[in-house]
Amino acid sequence: MVFQNENFMRLCSPPGEHCTHSGPTRINMSGMAQPSCFYLTTPIYYVNDAPHIGHAYTTVAADVLTRWHRQRQEEVWFLTGTDEHGEKVLRTAESKGVAPQAWADKLVAEEWLPVLDTLDAANDDFIRTTDERHEVAVQRFIQRLYDDGHIYKGKFEGQYCVACEEYKLPGDLEDGTGEYEGQQVCKIHGRPVETLSEENYFFPLSQYGDKLLELYEAHPEFVQPASARNEVIGFVKQGLRDLSISRSSFDWGIELPWDSSHVLYVWFDALLNYASAVGLEDESKQDEFSRIWPADVHLVGKDILRFHAVIWPAMLLAAGLPLPKTIFAHGWLLVGGEKMSKTKLTGIHPREITDVFGSDAFRYYFTRAVQFGHDGSFSWEDIAARYNAELANGWGNLASRVAAMVGKYFGGALPTPGALTDAETDLEAVAARAVADAEAAIDRISPTDAVAAVWTLVEATNVYLTEQEPWKVAKLPGELDESGAGAGGGRLATILVTAAEALRSLAILLNPVTPQAAQNLWTILGGTEALGELDKQPVADAAAFNGLPQHVTITKGAPLFPRIEDESADSK
Ligand code: MSP
């Protein structure tokens, strides 16, 4: 069996190697290669509550990855948004005494859009499942499936978890304890399931088992990481049940076009956001759709992996549409060993952290400290320790020391370097290695490893300065002229130019992770006027120490990471 995207989507070069194109390449049906867009999505978030740092975790990872691809000068599309239909949102709205649309509007305006600013996310689009563009596309898509015989009417009874918006298998349930003693509860949410019996429309998911297994086999990159892939393969091998895709007991959803007494199952509705946002079923947007679709990466938390790795490709196969390239499942932020959640009252709002440490530190911390693909925990002590050791002392202090020394010894004008020694070429080699390793990490969707690779350059530059002791070299005869200013061409000049070049590389490499500090550093090193726009510097250019113009003015600037008053972190 040949999958459509097997012929449709290929990378021009193996991960980590550079090609001459500025991005992934699609091979179209005529065999002509065309540069295409790197398209990455977050899940769309339920509007039943405000965001917590578990949600922010996905958004930040998505933003770091897409900013990195943009820094490579690729064309990028980054989509996020909100999931607004279904019983879960309806029940929340009812409990607040408002209509579901009004509730969704309020939460989007007051919480889900503002949190993107809080996190400094640079998404290209924000889709809401109540957008007309989405509802129209979904109705056309579902009508097409119906017309082509992919949907049938049937009866179903099962155990439904409203929090998951999913019928559960016996293995997904466990015995409740405490107030739920004697009842079966969902393993993810710890809340009782409800027995539902309905006459509904069904999607024949059971027919897709073999095709899906062939897909996972032929494209090991389709589900990542390997642990997620194994879980999905094991699940599909057990046999798939047909999927109830409509509900008639409530009306908060997209009406089935051929039967207005049913609304579409919220997951069928929600998954389609990834395609409706880029022009699915819209005649006027066919160019956009073929340029952007299929997605390169759907980032999802591990709790929603099966929807994305099983139901979504089956829906696309039924419709004859190209499949996304990768579904990547990341882990959970845990509190006391359990998934952080608002329902369990363990949710921390992202603003509580950014108000103390700033958005850059939030982004750095969650990218670096929680290995992408694994579970991890947040603690105030840990973020405070990393802020001080890695950001303020490791990187920020490095930048201010170099700027201060160029100011003190050369009046702020970057001098002309003298002869290079092994120490300089070794440091440049660290930069080249950092670029290569970080690029490879981004290609395997490991932002954590990418930042760790970049950090080798922060550390090596600090070691370089400690070993070269420019403050001592400045006292050697001939290094400073009679006025006390450096003449350039000496050892002191070589050391400071090398350190400044390392900082230039760091500004480029950390722009996707900590955009505000990187821009601040760029200004210190001469700014847009002297160096060009930071966003326009290709990642590959960070590998060589030849980017700072002669005599560029280095200024002291504000500290990249100001000291945090202990009390504000301690009071948390
Ligand atoms: N609306 C669905 C997704 C539909 S996508 C077509 C949904 N929404 S959600 O708001 O409940 O979760 C959105 C994302 O946040 C999921 O990827 C989920 O894994 C993630 N997280 C929610 N809590 C989390 C943690 N505690 N830790 C990490 N991510 C977590 O599911």
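Placed above this text is the structure.
Read on for an overview of the structure. (Residues numbered from 1 in each chain as written. Predicted model: local features only at pLDDT ≥ 70, side-chain atom pairs only at ≥ 80, totals over all residues. Heavy atoms only, no water.)

## Looking at the overall build of the protein chain
In step 1: Secondary structure summary: the protein chain contains 22 helices and 21 strands in total.
In step 2: On C-alpha atoms alone, the protein chain measures out to a radius of gyration of 27 Å, which is about the 25 Å that the 2.2 N^0.38 rule sets for 572 residues.
In step 3: Here the C-alpha coordinates of the protein chain stretch approximately 95 × 60 × 40 Å along the principal axes.
In step 4: Long-range pairs, those at least 24 residues apart, make up 76% of the contacts in the protein chain between residues at least 6 apart in sequence.
In step 5: Summed over its atoms, the accessible surface of the protein chain is roughly 23200 Å², and 49% of this surface lies on carbon and sulfur atoms.
In step 6: Counting 47 positive and 81 negative side-chain charges, the protein chain places the centres of these two groups 2 Å from one another. (Helix = DSSP H or I, 4+ residues; strand = E, 2+ residues; numbered from the N terminus. Rg over C-alpha atoms; globule rule 2.2 N^0.38 Å. Contact = heavy atoms within 4.5 Å. Areas by Shrake-Rupley, 256 points an atom, 1.4 Å probe, with all protein chains shown as cover. Lys, Arg positive; Asp, Glu negative; His and termini not counted. Charge placed at Lys NZ, Arg CZ, Asp CG, Glu CD.)

## Brief notes about empty space enclosed by the protein
In step 1: Tallied over the entire structure, the rule returns 5 cavities of 30 Å³ or more.
In step 2: Estimates place the volume of the largest cavity at around 60 Å³.
In step 3: Around the largest cavity, the lining residues are Y45, P51, H55, A56, T59, T80, G81, W112, V115, L116, L119 and F126.
In step 4: The set of elements that each furnish at least two residues to the lining of the largest cavity consists of α2 (53-71), β5 (76-83) and α5 (114-119).
In step 5: By residue class, the composition of the lining of the largest cavity is 8 nonpolar, 4 polar and no charged.
In step 6: Quantified by volume, the second largest cavity comes out at close to 50 Å³.
In step 7: In this structure, the second largest cavity is lined by P43, I44, D83, W267, A270, L271, N273, Y274 and H308.
In step 8: When residues of the lining of the second largest cavity are traced back to their parent elements, those giving at least two are β4 (38-46), α9 (266-271) and α10 (273-276).
In step 9: If one sorts the elements of the lining of the second largest cavity by residue count, α9 sits on top with 3 residues. (1 Å grid on protein atoms, 1.4 Å probe; cavity = no way out; pocket = protein on both sides within 12 Å on 5 of 7 lines; lining within 4 Å. Points joined across faces, edges and corners; volume = space filled by probe spheres on them. Nonpolar A, V, L, I, M, F, W, Y, C, P; charged D, E, K, R; others polar.)

None of the figures reported here should be taken as evidence of function without further support.
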